[in-house]
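Residues per chain are reported as follows:
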Amino acid sequence: MYVSMKDMLLHAHHNNYAVMAINCVNMEQAKAIIQSADEEKSAVIINISPRQMKAHGHGEIMAPMIKNMAEKVPVPVAFNLDHGASFEDITDAMKFGFSSVMIDSSSFEFEENVRRTQQIASLAHGMGLSCEAELGHVGQAAADDNSNVDLYTNVKQAKEFVERTKCDCLAIAIGTAHGAYPKGMVPKLDFDRLRELKTELNMPLVLHGGSGAGEENIKKAVACGINKINVCTDLFRHATNATIEAVKENPMIDYMDLCIEAQNAMKDFIKSYMRVIGSSGQYSFKKDNGPELD
Ligand code: G3H
Ligand code: ZN
């Protein structure tokens, strides 16, 4: 099922689990993600950023391919523009057939973030798409942004932000960051802030920087109210490692077989992550009557 993020995240919010949002730049990744969701009876979100689209996975090619694959499985699959920044990137994604967009104006001051998010959320809703926004700022692990408390989401501001923008889900900064953390380092998350945000907002909350955040942290974040977890770095790493191993084992390996090795390694990673965050098994289907939510 090709759907927006709205209902699947509300289901996660009401049933206390999280859905993976996985960055994807090609067919092998899309297949790995959608097959994993299908096999795990889980919803899933496929993410792509403007940078990734410019570099490799062009939106006008990715959107129809993903829509086509998603329509062949009974579980809900959303295709979301990740960290949309410019008006042009976001409206392009809408034209290409994305089912959801994220407007990330988290580097702007509060009023400007509200203004930009309001505009995109109302445009998205008018087209039946869901809209994710960000308040506070999830920065880069390489710059140690995860420990910069000044970047964390302010609870009072968040309440006002959501009321004024009408975004469907909110990405919050509570101690994770994008990319790989220094070797052996596991970030410290501000769970008290997360609990407060959940109580005040009572809506789907998003954790960016899901790679290397530590299984215990991830489980606790879900228990405290996270409903969407963005993962990119770890997935790409699994694909790269599997490719290296396969070439080491057989330098003459056929290119298609190499792609399949990477795809299978990504599936193993995705499926085990889905089990950790509780999305596995949330959707079951009756053969005669079509899809039915548990
Ligand atoms: O928006 C993308 C994610 O936040 C990915 O972060 O590469 O640290 O997993 P990550
Ligand atoms: Zn992110």
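Described below are features of the structure shown in this document. (Residues numbered from 1 in each chain as written. Chains lettered and ligands numbered in written order. Predicted model: local features only at pLDDT ≥ 70, side-chain atom pairs only at ≥ 80, totals over all residues. Heavy atoms only, no water.)

**Observations regarding unusual backbone geometry**
Located in the positive-phi region is Asn16, a residue other than glycine, with phi close to 55°. Along the chain, Asn16 turns up in the loop between α1 (5-15) and β1 (19-23). Its relative accessible area of 58% is what places Asn16 among the exposed residues. At Asp144, a residue that is not glycine, the phi angle is positive and equals roughly 60°. By the element assignment, Asp144 lies in the loop between β5 (130-135) and α7 (155-165). By relative accessible area, which is 42% here, Asp144 ends up partly exposed. (Helix = DSSP H or I, 4+ residues; strand = E, 2+ residues; numbered from the N terminus. Buried < 20%, exposed > 50% of the residue type's maximum accessible area, 1.4 Å probe, protein only.)

**Some words on a negative patch on the surface**
Taken together, the side chains of Glu249, Asp254, Asp257 and Glu261 define an acidic patch exposed on the protein surface. For Glu249, a relative accessible area of 72% gives the class exposed. (Patch = residues over 30% accessible without salt bridge, like charges linked within 9 Å, V, L, I, M, F, W, Y side chains within 5 Å. Areas by Shrake-Rupley, 256 points an atom, 1.4 Å probe, with all protein chains shown as cover. Salt bridge = Lys/Arg side-chain N within 4 Å of Asp/Glu carboxyl O. Lys, Arg positive; Asp, Glu negative; His and termini not counted. Charge placed at Lys NZ, Arg CZ, Asp CG, Glu CD.)

**Thoughts on the sheet that holds strand β3 (residues 77-84)**
Read once around its circumference, the closed barrel built from 8 strands follows the order β1-β2-β3-β4-β5-β6-β7-β8, with strand pairing classed as parallel. Looking at each pair of strands side by side, their axes are set apart by 25° on average, direction ignored. In this sheet, strand β4 (residues 100-103) lies alongside β3 in parallel orientation, the contact comprising 3 bridges. Residue Gly84 lies in a different strand from β4, and its bridge partner there is Ile103. Helix-sheet contacts for helix α6 (residues 110-126) involve β4 and β5, and the interaxial angle to β5 is about 170°. Sitting on the sheet, α7 touches β5 and β6 (169-172), and the angle it makes with β5 is about 155°. (Pairing = 2+ DSSP bridges. Axes fitted to C-alpha atoms, helices over the stretch in contact; angles between N-to-C directions. Contact = heavy atoms within 4.5 Å.)

**What about the pairing of strand β8 (residues 226-231)?**
Counting buried residues along β8, 6 of its 6 residues qualify, which places the element largely inside the surrounding structure. As paired elements, β1 and β8 share 4 bridges and run parallel to each other. Its bridge partner being in β8, Met20 is matched across the sheet by Ile229. Here strand β7 (residues 205-207) runs beside β8; their pairing, made up of 3 bridges, is parallel. Among the inter-strand pairings, Val206 is bridged to a residue of β8, identified as Lys228. Chirality of the crossover, the property in question, places the unit of β7, helix α9 (residues 215-223) and β8 among those that are right-handed. (Right-handed = clockwise from strand over helix to strand, strands pointing away.)

**Re the packing of aromatic side chains**
Taken as a whole and assessed by the stated rule, the structure comprises 3 aromatic pairs. Between Phe269 and Tyr273, the aromatic rings sit 5.7 Å apart at their centres with planes inclined by 65°, giving edge-to-face as the arrangement. Within this pair, Phe269 and its partner Tyr273 are both found in helix α11 (residues 255-276), separated by 4 residues, close to a single helical turn. The pair Phe269 / Tyr273 is uniform in exposure class, with both members buried. (Phe/Tyr/Trp six-rings, centres within 6.5 Å; stacked < 30°, edge-to-face > 60°.)

**Quick look at the site of ligand 1**
If you check the shell around ligand 1, you find 14 residues, and the closest are Asp82, Gly209, Ser211, Cys232 and Thr233. The contact in question runs from an oxygen atom of ligand 1 to an N or O atom on the side chain of His208, over 3.2 Å. Within the side chain of Asn230, an N or O atom sits 3.1 Å from an oxygen atom of ligand 1. Starting from 310 Å² of accessible surface for ligand 1 in isolation, the protein chains cover 95%. Elements with a contribution of two residues or more to the shell around ligand 1: β3 and β8. Class assignment for the residues of the shell around ligand 1 results in 3 nonpolar, 10 polar and 1 charged. (Near = heavy atom within 4 Å. Polar contact = N/O pair within 3.5 Å; in protein donor to acceptor, adjacent residues only side chain to side chain. Nonpolar A, V, L, I, M, F, W, Y, C, P; charged D, E, K, R; others polar.)

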